Amino acid sequence: MMSFSSDLKKEISTKIDKAEHCRIAELSGIFSLNARLYNDSNVPYIRIKTDVTYMMDIVLKMIRLLFDLTKAEIMIDEEESENASVTIIGDKAVEQVLMKLKLTENDTRLSSDDIIIQKECCKKAFLRGLFLARGSVNDPNKSYQMEIVVSNEYRMNQLIHILNSFGLEPKSFKRRSHYVVYVKDSNSISDIIGILGASNAFMEFENIRIYKDLRNSINREVNCETANISKITEAAAKQISDIKLIEEKKGLKSLSPPLLELATIRLENPDLSLKELGDMVSPPIGKSGVNHRLRRISEIADSLR
């Protein structure tokens, strides 16, 4: 069974932009986190590793859409299903990829230039590439958190800038040698899923969120009602204790008629609220009137203790 995160990635991996500049932005995002540039015996090559089939598919589709490369310049290793890779090899091929995707190399790692994310549509595409490469989101049934792991502070600031441009306020921290950019607010996660263009995942997330909010609201109401019942029960127990003490020490007939009437009603109806007690008095009185009489009964009981 696939996770919510995997379902989200699989859905967005099926969407390829019609505009070439957006394809460039998305593939550049993937390469900036998942690809490395090597030089073996003076033969340069870029290798991008993918851990799932749909990632391999979208990388190959975009490479073929964007570049005029021969079969000899693209090597596909599918022997290890959990660690498949695509290798672009040769001076001409590597140069073409680096130039078109606006990538620069630093210690085998690649970085995308901000020039490819000037348009809003390209920012969305680039963000989609980053999420496909190193993103994850928790199962919303359990908790809310979405994160993207990047390799250095430059990429972290670049990602934060993109999210800020959409009115989002992500947080970040360093995890060992990597940086994590994340959001925990359910509204922000919902917005990002929408930005990624995953309509099915968006609807599923919203349905889960609505259900959880409704459940939490019901739980709050039940807890509040339970607390009120508990207060009423405790107060009634104290009132009955006071009335029985007076009955034992002096007799209830020692009370004034209004207090005797209320004391008798309370003894016979230990579960009633103050309002309900007031409705049974003749003539009926409000909660404040009931409170006043109960306080007088309590004061009499305290004097007898």
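Residues numbered from 1 in each chain as written. Predicted model: local features only at pLDDT ≥ 70, side-chain atom pairs only at ≥ 80, totals over all residues. Heavy atoms only, no water.

Caption draft 1: The arrangement of the environment of glutamate 169 in detail. Positionally, glutamate 169 belongs in the loop between α6 (153-165) and β9 (171-175). A sequence separation of 19 residues divides glutamate 169 from serine 188, and the C-alpha atoms of the two residues are 8.1 Å apart. (Helix = DSSP H or I, 4+ residues; strand = E, 2+ residues; numbered from the N terminus.)

Caption draft 2: Up close: the nonpolar core. In this structure, Leu8, Phe31, Ile46, Ile63, Leu101, Met146 and Ile193 are the most contacted members of the largest nonpolar core, which totals 68 residues. Per-element tally for this core: the top contributor is helix α3 (residues 53-66), with nine residues. Not counting the four nearest positions on each side in its chain, leucine 8 is found in contact with Phe131, Val137, Met146, Ile193, Leu196, Ala198 and Ala201. Counting 17 residues, the second-largest nonpolar core is a separate cluster that includes Ile265, Val281, Val290 and Ile300. (Core = buried A, V, L, I, M, F, W, Y, C linked by side-chain atoms within 4.5 Å. Buried < 20%, exposed > 50% of the residue type's maximum accessible area, 1.4 Å probe, protein only. Contact = heavy atoms within 4.5 Å.)

Caption draft 3: Helix α8 (residues 199-249), seen in detail. Taking 1.5 Å per residue as the helical rise, α8 with its 51 residues ought to reach 75 Å, and the 75 Å between its terminal C-alpha atoms agrees with that figure. One or two positions beyond α8, positive phi appears at glycine 251, with a value near 90°. (Expected span 1.5 Å × (residues − 1).)

Caption draft 4: Examining a nonpolar patch on the surface more closely. Taken together, the side chains of Leu214, Ile218 and Val222 define a hydrophobic patch exposed on the protein surface, amounting to about 260 Å² of accessible area. Within the element layout of this structure, leucine 214 appears in helix α8. Overall, leucine 214 belongs to the exposed group, its relative accessible area being 52%. (Patch = residues over 30% accessible without salt bridge, like charges linked within 9 Å, V, L, I, M, F, W, Y side chains within 5 Å. Areas by Shrake-Rupley, 256 points an atom, 1.4 Å probe, with all protein chains shown as cover. Salt bridge = Lys/Arg side-chain N within 4 Å of Asp/Glu carboxyl O.)

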